[in-house]
Structure formats: C-alpha cells, structure tokens
Amino acid sequence: MPGKESKFDAVKLRTMITEEKTAQQIFDAFGIDKVTLKNHLLKLMQMDEKFYKIEGMNTRAVSGNAKFSKNGLRLSPSLLSNYGFTLGDEFKVSSLEERKIVLEQK
C-alpha cells in the first residue's frame, strides 16, 4: 500500500496477537501489508522486551479480493488457510444482507 502511512497501535496489535489472530486477519484489521506488520511487530517486541509469534507470518500473503467469473468464485487455498481453515473444511453459504456473502464453517 504505497504512499499510505499506517499508525502503529501497540494496544490493538498486542490484543490481536494474544487473541491468536492470524497474520491475514491482522493485515485486514489494520489495512496494512506484510512488511508493515513485520515493522510493527518488531517495534512491539522492542517495547515489551518480549517475543511474539503471529501465525501465518511465514506463509504467502494473499489479497482478500476474489473475482466472480464464468468459472464461479475462487477462494485460494492460501487465503483460506491464512484465515485458519484447512483442506476439506465444509461451509454453509448465506446472504443476510444485499451484496454480502457469508461463509460459515460446518
């Protein structure tokens, strides 16, 4: 996200880490990329003098954007695993609000 300045929020980041949020969930919550999250994580570890591990930091970052095409809607395995899902998981699809789809793990 070139040109976009993200504000470091130690409290929110620490909370998300202790709640065991994945890297993908933190990217989405802060609207930041992997490089920025690494910088924020380093800053937090220096402040707290404590090591923090975020699940998914060593995996490929994937945009949360999906495209509806003639082949349907494709959600990559990387994207789903970044949100904590595993191969073979089944989902219920619903739409409680116009133009919004919800996937719920069965």
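Preceding this section is the structure that the text describes.
Every chain is numbered independently, its residues counted from 1 as its sequence is written. In view of the model being predicted, local features appear only for residues whose pLDDT reaches at least 70, and side-chain atom pairs are presented and counted only at 80 or more, with totals across whole chains, interfaces and linings using the full set of residues. Just so you know, side-chain values use all the structure's heavy atoms and leave hydrogens and water out.

## Considering the packing of aromatic side chains
The criterion, for reference: Note on ring pairs: Phe, Tyr and Trp rings are taken, using the six-membered ring of Trp, and paired if centres are within 6.5 Å. Classes follow the plane angle, with under 30 degrees stacked, over 60 edge-to-face and the rest tilted. Exposure is judged per residue with a 1.4 Å probe applied to protein chains only, and the accessible area is read against the type maximum: over 50% gives exposed, under 20% gives buried, and values in between give partly exposed. Any Lys NZ or Arg CZ found within 6 Å of a ring centre and within 35 degrees of that ring's normal is scored as a charge over the ring.
Considering all chains together, one arrives at 1 aromatic pair under this definition. For the pair F85 and F91, a centre-to-centre distance of 5.0 Å together with 70 degrees between the ring planes defines the contact as edge-to-face. Owing to a relative accessible area of 24%, F91 belongs among the partly exposed residues under this scheme. One residue, K12, lies across the ring of F30, its end atom 4.8 Å from the ring centre.

## Comments concerning the pattern of salt bridges
We count it as follows: Each reported salt bridge corresponds to a side-chain nitrogen of Lys or Arg within 4 Å of a carboxyl oxygen of Asp or Glu. A helix here means a DSSP run of H or I that spans at least four residues, while a strand means a run of E at least two residues long, and both kinds are numbered starting from the N terminus.
Following the criterion strictly, the structure yields 1 salt bridge and no others. R14 is the salt-bridge partner of D48, the closest N and O atoms lying 2.8 Å from each other. Separated by 34 residues along the polypeptide, D48 in helix α3 (residues 34-48) and R14 in helix α1 (residues 10-18) bring together distant segments of the chain. Taking the relative accessible area as the measure of exposure, D48 reaches 26% and is therefore partly exposed. Using a relative accessible area of 24% as the deciding quantity, one classes R14 as partly exposed.

Honestly, that's just the spatial picture; any functional story needs more than this.
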